[in-house]
Structures are given as C-alpha cells and as structure tokens.
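Tertiary structure, described
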Amino acid sequence: MTGPPDPHSAMERGFLLILLVCATLAFAWLAGPFSGAILWGVIATILFAPLNAALLRRAPGRPNLAAAITLLAITAVAVVPAMLLGAALLSQAAATYGSLQSGEISFARSFAAAEQHLPQALHGWLERLGLGDFIMVRDRIGRVIASSLQPLAGRALDIGQWAFAFFLSLGVMLYLTFFLLRDGARIIDRIESCLPLAPDQRRLLTARFVEVVRATIKGSLIVAVLQGMTGGLAFWMLGIGGALLWGVAMGVFSLFPAIGTAFIWVPVAAWLLFTGEVWRGGALFLVGFFIVSSVDNVVRPILVGRDARMPDYIVLIATLGGFELMGFNGFVIGPVIAALFLAVWDIFRNARPTGSG
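In this text, all values refer to a predicted model and were calculated from it rather than measured experimentally.

Quick notes on the overall build of the protein chain
Helix and strand content of the protein chain: 13 helices and zero strands. Counted over contacts in the protein chain with a minimum sequence separation of 6, partners at least 24 positions apart contribute 68%. Just so you have it, the protein chain exposes about 22600 Å², and 71% of that area is on carbon and sulfur atoms.

Rendered as structure tokens:
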C-alpha cells in the first residue's frame, strides 16, 4: 500500500512549476527585442540542417568547421542577396517618389487617358458607385499615395539608427545560428527530455514539427522568390516602371494562398487596358495567368510534397492572422504555429486509445 501524498512534496512541485513559468516568461520578455533575429536564426538552422549534417559526415568530429561552412553558405545564399535587394528596393522607391514629386509620373494624365478609353457602360456603372467624378477620384488617390510616401521620406533621416538596429539583429541571428547548427541535436534532445510525453511521442512530435515547418517555409519562401522574380521580369520586359517594386510586392503577396500575385498584376493589367495600352495590358494578363500564377501550382507540390503540405485554408488563416498580430515576421510565425497545431493534433489522434466496439 502507498501512503498518503506528501503535502510538502506537492508544495515543492507547485512552487517549482510557478518558478519555471515565471523564469520562462522573464527570459521571453528579455529576448523580446531580438525575437525576429531568433526566429530567423531558428528557420535558417532548420532549412540548412541537411547541409550541416552532410558536412559533418565528410568531416566527422569537427562540428565547429561544419557549422562555420554552413553559416558562410547561409550568408552567401540568403543574407547578401537580401541586403542587395533591400538596397536596390530603397533606391527605386526613392526614384519613384522623386518622379511623383517632379511630375514625371502624373496621375492627371493617366486618369485622363483612362477616362477616354472607358466604355460607356462602364462609365454608368462607376457613376452608380459614386466614382463617376474622375477628378475627385484622382485627387483622392493622389492624396492617399502622397500621405503614404511622406512618412517614408521622413524616416530616411533616421537611416543610421535603423541600419544599426538591423545589423545588430543580423549579428545576433548569425551568432545564434552558428550555435544552433553546432549544438542543435543536443538542444533537441534536452527539449524532448523535458516534454511530459512517452519517448515515441516526443520523437514523433519533434520529427513531424520539423518536417512540416521545413516543408512549409521552404516552399513558401522559394515560391515567393520565383513568383517575384518572374513577375518583376515580366514588368521590366513590358517597360512598366518600378519593376523591382512590383516584383517584391508580388513575392510578398504570393505568401497569401488564394489571393496571391493576382492582387498585383490584375489591377495593373486592367489599368493598362483602360488607359489604351492594350498590347501591354493583354500581354501582362497572359503572363500573369499562365506563367506567374502557375509557378505556385508546379513548384510548391515538388518542394513541399503531399504529406507535409498544410491545407491552403489553414495557411491563409495562419498567414493573415500572423501578419495582423506580428507584422512581417507573422508571415513565418503564423504557418509555424499552424504546423505545430497540426502536429500536436496528429500526435493526439494517433495516441488516442481506440474502443473495441
């Protein structure tokens, strides 16, 4: 027979649990300013772990060398191109703002051309919607664009402070990534040992989570890059200004299932058609429909696979919710949380005892 539970032991366990929760929350609050750097460090580690493992097989017993080479590969493949793209994007945004200020880009001329080429039936439809006064609509859109660009111009004065914060976060990310690559296996083992689950459930949860995260993030990022490059190249070949800006915008919107790049190229193609640019508008519509939008349908199943791919409606809800709550990092955190959600429910479903009836 077992005796009654020791109240002192129960009190110690309760106090230890409270202390654990408080210490964890305090550390999370302390690391909060670098949450983005930590997030991208973990993602880089998950994505490049196979390369690090291959290097370890070729140089066994030298984890520091393997992690350093993998970190150099991450810098060359992801960090340097992202920095170059950001610099080019800022340069083109500044040039576009200068063109708007100088009148080289004129909404008045564009709206006048659109008004001349609109069918009469469409004129009546716009009037019923309260958009028949093109001058009023033009002024309203001009004010919105000007007000959205003014803060960007003002923030240019703080570029030094922004650059310092960026490079500090980048340094933290690379530093953390090195140690995660080197000690990742031991860290995962320690995390698994703390989970109050059976050993097979721990391994299944970790493996399933890493598999879904790697497949989802890898598929989303590569598809975003390919669609952004394809769309930007199409804009450039058709002589549409701001091709880099449009390409980056399509890459970002490609992260949203169902909405996708069409949110960018459809309005631009329609605007070209309305302003009399029939050839360019039609060509952009064909390229966007048959090439840009097809990249997702062709590439994502190859990268992600059918088993690890999350349903599109879950990805959409997770991406929109993550973006609403956490900004740009939410594009990644949202699907990661959804992957954890599916992995936990998959573990629960497989571990649930089945009835005999």
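Having put the structure on the table, let's press on.
Quick notes on the packing of aromatic side chains
Evaluated as defined, the whole model comprises eight aromatic pairs. Taking 4.9 Å as the distance between ring centres and 65° as the angle between the ring planes, the aromatic pair formed by Tyr-175 and Phe-179 counts as edge-to-face. Here Tyr-175 and its partner Phe-179 are both found in helix H7 (residues 159-194), four residues apart, which amounts to about one turn of the helix. Ring plane angle 85° and centroid distance 5.0 Å describe the contact between Phe-289 and Phe-290, whose orientation is recorded as edge-to-face.

Let's talk about the packing of helix H8 (residues 199-237) against helix H9 (residues 243-253)
Interhelical geometry of H8 versus H9 gives an angle of 150° and a closest axis separation of 7 Å. On the basis of their axis angle, the class for H8 and H9 is roughly antiparallel. As for the relative orientation of H8 and H9, their crossing is right-handed in sense. Mapping the contact onto sequence places Ala-224, Gly-228, Gly-231, Gly-232, Phe-235 and Trp-236 in H8 and Ala-243, Trp-246, Gly-247, Met-250 and Gly-251 in H9. Here the residues of the contact of H8 with H9 are counted per class, giving six nonpolar, five polar and no charged.

Examining the side chain of Asn-52
As for its placement among the helices and strands, Asn-52 is situated in helix H2 (residues 35-58). At 3.4 Å, the side chain of Asn-52 forms a polar contact with the backbone nitrogen of Ala-67. When sequence neighbours within four positions are dropped, the list of residues in contact with Asn-52 reads Ala-66, Ala-67, Thr-70 and Leu-181.

Conventions we followed
Residues numbered from 1 in each chain as written. Predicted model: local features only at pLDDT ≥ 70, side-chain atom pairs only at ≥ 80, totals over all residues. Heavy atoms only, no water. Helix = DSSP H or I, 4+ residues; strand = E, 2+ residues; numbered from the N terminus. Contact = heavy atoms within 4.5 Å. Areas by Shrake-Rupley, 256 points an atom, 1.4 Å probe, with all protein chains shown as cover. Phe/Tyr/Trp six-rings, centres within 6.5 Å; stacked < 30°, edge-to-face > 60°. Axes fitted to C-alpha atoms, helices over the stretch in contact; angles between N-to-C directions. Parallel < 35°, antiparallel > 145°, perpendicular 65-115°, else oblique. Left-handed = near helix turned anticlockwise from the far one by under 90°. Nonpolar A, V, L, I, M, F, W, Y, C, P; charged D, E, K, R; others polar. Polar contact = N/O pair within 3.5 Å; in protein donor to acceptor, adjacent residues only side chain to side chain.

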